[in-house]
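# Structure assessment
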Amino acid sequence: MCAGIRKSFQGNTNEVILLIVKARDELNLALRSLERQYLEYRQKNPAYSADDKGRSFIARRLDQWEQSMKQA
């Protein structure tokens, strides 16, 4: 490969790597911000929190009360 082409190729490769690293860093910052906002939302709105089956806190609590009533 000609030295000029190799230098150009390496320059383009380095530029692409820098762009990828910059994009990764920006996305990581955005992700951390969104995670923080999500946790704040969950803390302020616990009724909307769902379990692994998709049931909300309130639905789970109603089921517990119903079971307690049946046992009584």
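So, a few notes on the structure that sits alongside this text.

All right, on to the overall build of the protein chain then. On a plain count of helices and strands, the protein chain comes out with two helices and zero strands. Burial statistics for the protein chain: of 72 residues in total, 1% are counted as buried. Of the accessible surface of the protein chain, which amounts to about 6700 Å², a share of 60% is contributed by carbon and sulfur atoms.

Take the pattern of salt bridges next. Under the criterion given, the structure shown has two salt bridges. A salt bridge links Asp25 to Arg24, with the shortest nitrogen-to-oxygen separation between them at 2.9 Å. Among the residues examined, Arg24 registers a relative accessible area of 45% and is labelled partly exposed. Glu66 is paired through a salt bridge with Lys70; the nearest N and O atoms lie 3.5 Å apart. Residue Glu66 and its partner Lys70 are located together in helix α2 (residues 57-71), separated by four residues, close to a single helical turn.

On the surface, Phe57, Ile58, Leu62 and Trp65 cluster together into a nonpolar patch covering about 400 Å² of accessible area. Mapping Ile58 onto the fold places it in helix α2. The partly exposed category is assigned to Ile58, whose relative accessible area is 43%.

How each quantity is defined
- Residues numbered from 1 in each chain as written.
- Predicted model: local features only at pLDDT ≥ 70, side-chain atom pairs only at ≥ 80, totals over all residues.
- Heavy atoms only, no water.
- Helix = DSSP H or I, 4+ residues; strand = E, 2+ residues; numbered from the N terminus.
- Buried < 20%, exposed > 50% of the residue type's maximum accessible area, 1.4 Å probe, protein only.
- Areas by Shrake-Rupley, 256 points an atom, 1.4 Å probe, with all protein chains shown as cover.
- Salt bridge = Lys/Arg side-chain N within 4 Å of Asp/Glu carboxyl O.
- Patch = residues over 30% accessible without salt bridge, like charges linked within 9 Å, V, L, I, M, F, W, Y side chains within 5 Å.

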